[in-house]
Amino acid sequence: MPYAPGDASKGASIFKTRCAQCHNIEESQGNKIGPNLHGLFGRKTGQVPDFSYTSANKEKGITWNEETLFEYLEKPSKYIPGTKMAFAGLKKEKDRNNLITYLKEATA
């Protein structure tokens, strides 16, 4: 099943508990263990300045959008074999939909 708009407030909660320890979303904030996600939509993999990506991330060559994130967030290590992102993923489609809906608003 592809991405479908979700509940941004539920997505914010998921971000806070599952993502914020490794990622910032504000433009003025730097990278953490993971890259800053500001401007995520429309950006190609491995392109945040001053972040040390694996070759797998740099070479994936996809552009982040709702559909690519929906697939990636299910199991990042399957979507980009060789990524250093340790996050196991979000199995529930509704959780991914909610998170992506939140990220679309929060990272613009």
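Residues numbered from 1 in each chain as written. Predicted model: local features only at pLDDT ≥ 70, side-chain atom pairs only at ≥ 80, totals over all residues. Heavy atoms only, no water.

**Let's talk about the UniProt feature "domain: Cytochrome c" (unreviewed entry) in the protein**
1) Next: The UniProt record annotates "domain: Cytochrome c" (unreviewed entry) at residues 6–107.
2) Next: From the first C-alpha to the last, residues 6–107 spans 16 Å; its make-up is 44% helix and 0% strand. (UniProt positions renumbered as here; feature names shortened; annotations may be inferred. Helix = DSSP H or I, 4+ residues; strand = E, 2+ residues; numbered from the N terminus.)

**With respect to the state of the cysteines**
Simply put, disulfide is the name for a covalent bond between the sulfur atoms of two cysteines.
1) Next: All chains considered together, the criterion is met by zero disulfides.
2) Next: Cysteine Cys22 is unpaired, with the sulfur of Cys19 as its nearest cysteine sulfur at 8.6 Å.
3) Next: A relative accessible area of 27% means that Cys22 is categorised as partly exposed. (Disulfide = S-S within 2.5 Å. Buried < 20%, exposed > 50% of the residue type's maximum accessible area, 1.4 Å probe, protein only.)

**Observations regarding unusual backbone geometry**
1) Next: If you check the backbone angles, Asp50 has positive phi at about 65° while not being a glycine.
2) Next: For Asp50, the position within the fold is in the loop between helix H1 (8–19) and helix H2 (55–60).
3) Next: Given a relative accessible area of 80%, Asp50 falls into the exposed group.

**Overview of the packing of aromatic side chains**
1) Next: One pass over the full model with this rule turns up five aromatic pairs.
2) Next: With centroids separated by 5.8 Å and ring planes inclined at 45°, the aromatic side chains of Phe15 and Tyr102 adopt a geometry described as tilted. Of this pair, Phe15 sits in helix H1 while Tyr102 sits in helix H5 (residues 93–106), placing them 87 residues apart in sequence.
3) Next: According to the relative accessible area criterion, Phe15 is buried, its value standing at 6%.
4) Next: Centre to centre, the rings of Trp64 and Tyr79 are 6.4 Å apart; their planes meet at 35°, and the pair counts as tilted. A residue pair is termed long-range when its members are at least 10 positions apart, and Trp64 in the loop between H2 and helix H3 (66–74) and Tyr79 in helix H4 (residues 76–79) qualify at 15 residues. Take Trp64 and Tyr79: they sit in the same class, and that class is buried.
5) Next: Members of the aromatic cluster, each reached through a chain of ring pairs, are Trp64, Tyr72 and Tyr79.
6) Next: Over the aromatic face of Tyr79 sits the side chain of Lys60, whose NZ or CZ is 4.4 Å from the ring centroid.
7) Next: Between Arg96 and the ring centre of Phe70, over which it is positioned, the NZ or CZ distance is 4.2 Å. (Phe/Tyr/Trp six-rings, centres within 6.5 Å; stacked < 30°, edge-to-face > 60°. Lys NZ or Arg CZ within 6 Å of the ring centre and 35° of its normal.)

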